[in-house]
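Next come the chains, spelled out residue by residue.
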Amino acid sequence: MKTFTIDDDDNITTFGDGDLLAEFSPGAERFCSERELATLAADWPSSRIVEVWNSLPGVQPVKRFTDGKTAVARIWKAIQSLEPIASKPARTAGSKLAGSSSKAGRRQGDTGRRNTRAAQVIALLQRPGGASLQDIMAATAWQAHSVRGFISGHLRKKLGLQVKSFKRDGARVYAVRKRKKSE
C-alpha cells in the first residue's frame, strides 16, 4: 500500500515501503487514504490547498476550489500516479526525489500549462498525418463546432499557425503546415 507524506513546503512524496518513510520525511505529515488527507487538509488554509494542487505535475493550475472536499478528492486522484521511492537517492539542493511533487521543482515563471487542451490539440495537429475532427473531439471532450472555432480563432488568428484542412476517407482532417526556412 502506498503511503504519502507532505512537508511544510507542500512537497508530496510517495512511499511503497514504510521502512524508507522515516529516512526521507522526518517531521512530515503522513497519510494513506483520501480520508486521512481530508483530516489533514481540514486544518489548512484554502491557499495551501491551492498551492498543493498547483505543485502537482500535469494538472491544470487553479486559483481556488469551490470547497475543500472537492479539492481533497482531486488531489488524491492526482497523486495516485506518483511512483513510490525505491531507494534513497543522492539529494542535492534544488533536486527532486522520484515520486515527489514540489513547487520548488518548477522553473521560475513556469505556469505549468503544458498539458492544456490547446497544447494537446497542437500536438495532435503536428503528427505526421494530422488529426481527424473525431480524434480532436475525443481528446478534448469538445463538440465539433468548438473544435472548428478553436482552430479558426485561436490557432489561425491568434497564434498565426498555418492549419490545413482536408478530407481523408470521408473524415475531416486538420494538420499544422511546416514552415519553410525562409519564413
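A brief structural summary. Computed from a prediction, not measured in an experiment: that's the story for all the values here.

## Comments concerning the overall build of the protein chain
Okay, so step 1: Secondary structure assignment for the protein chain yields 7 helices and 7 strands.
Okay, so step 2: Starting at the N terminus and ending at the C terminus, the protein chain contains elements arranged as β-β-α-β-α-α-α-β-α-β-α-α-β-β.
Okay, so step 3: The proportion of buried residues among the 183 residues of the protein chain is 37%.
Okay, so step 4: Once local pairs closer than 6 in sequence are excluded, the contacts in the protein chain between residues at least 24 apart make up 51%.
Okay, so step 5: Accessible surface, the protein chain: about 11500 Å² in total, of which carbon and sulfur atoms supply 49%.

## Some words on the sheet that holds strand 5 (residues 131-132)
Okay, so step 1: Strand order in this open sheet of 3 strands is 5-7-6, and the pairing throughout is antiparallel. Of all strands in the sheet, those with a lone pairing partner are strand 5 and strand 6 (163-168), marking the two edges.
Okay, so step 2: In the packing of helix 7 (residues 144-158) onto the sheet, contacts are made with strand 6 and strand 7 (171-176), and the angle to strand 6 comes to roughly 155°.

## With respect to the pairing of strand 2 (residues 12-15)
Okay, so step 1: The two faces of strand 2 match: I12 and T14 on one face and T13 and F15 on the other face are all buried.
Okay, so step 2: The sheet contact formed by strand 1 (residues 3-6) and strand 2 spans 4 bridges and is antiparallel. Its bridge partner being in strand 2, F4 is matched across the sheet by T14.
Okay, so step 3: Counting the residues in the hairpin turn of strand 1 and strand 2 gives 5 residues, including D10, whose phi is positive at 65°.

## Topic: the packing of helix 5 (residues 117-125) against helix 7
Okay, so step 1: Interaxial distance between helix 5 and helix 7 falls to 12 Å at its minimum, and their mutual angle equals 95°. For the element pair helix 5 / helix 7, the angle class is roughly perpendicular. Residues A118, V121, I122 and L125 of helix 5 lie in contact with helix 7, whose contacting residues are F150, H154 and L155.
Okay, so step 2: Of the residues in the contact of helix 5 with helix 7, the class split is 6 nonpolar, 1 polar and no charged.

## Quick notes on helix 3 (residues 46-55)
Okay, so step 1: Within helix 3, 7 of the 10 residues are buried, which leaves the element mostly enclosed by the surrounding structure.
Okay, so step 2: Those residues of helix 3 that fall on the buried side of the exposure criterion are R48, I49, V50, V52, W53, N54 and S55.

What counts, and at which threshold
- Residues numbered from 1 in each chain as written.
- Predicted model: local features only at pLDDT ≥ 70, side-chain atom pairs only at ≥ 80, totals over all residues.
- Heavy atoms only, no water.
- Helix = DSSP H or I, 4+ residues; strand = E, 2+ residues; numbered from the N terminus.
- Buried < 20%, exposed > 50% of the residue type's maximum accessible area, 1.4 Å probe, protein only.
- Contact = heavy atoms within 4.5 Å.
- Areas by Shrake-Rupley, 256 points an atom, 1.4 Å probe, with all protein chains shown as cover.
- Pairing = 2+ DSSP bridges.
- Axes fitted to C-alpha atoms, helices over the stretch in contact; angles between N-to-C directions.
- Parallel < 35°, antiparallel > 145°, perpendicular 65-115°, else oblique.
- Nonpolar A, V, L, I, M, F, W, Y, C, P; charged D, E, K, R; others polar.

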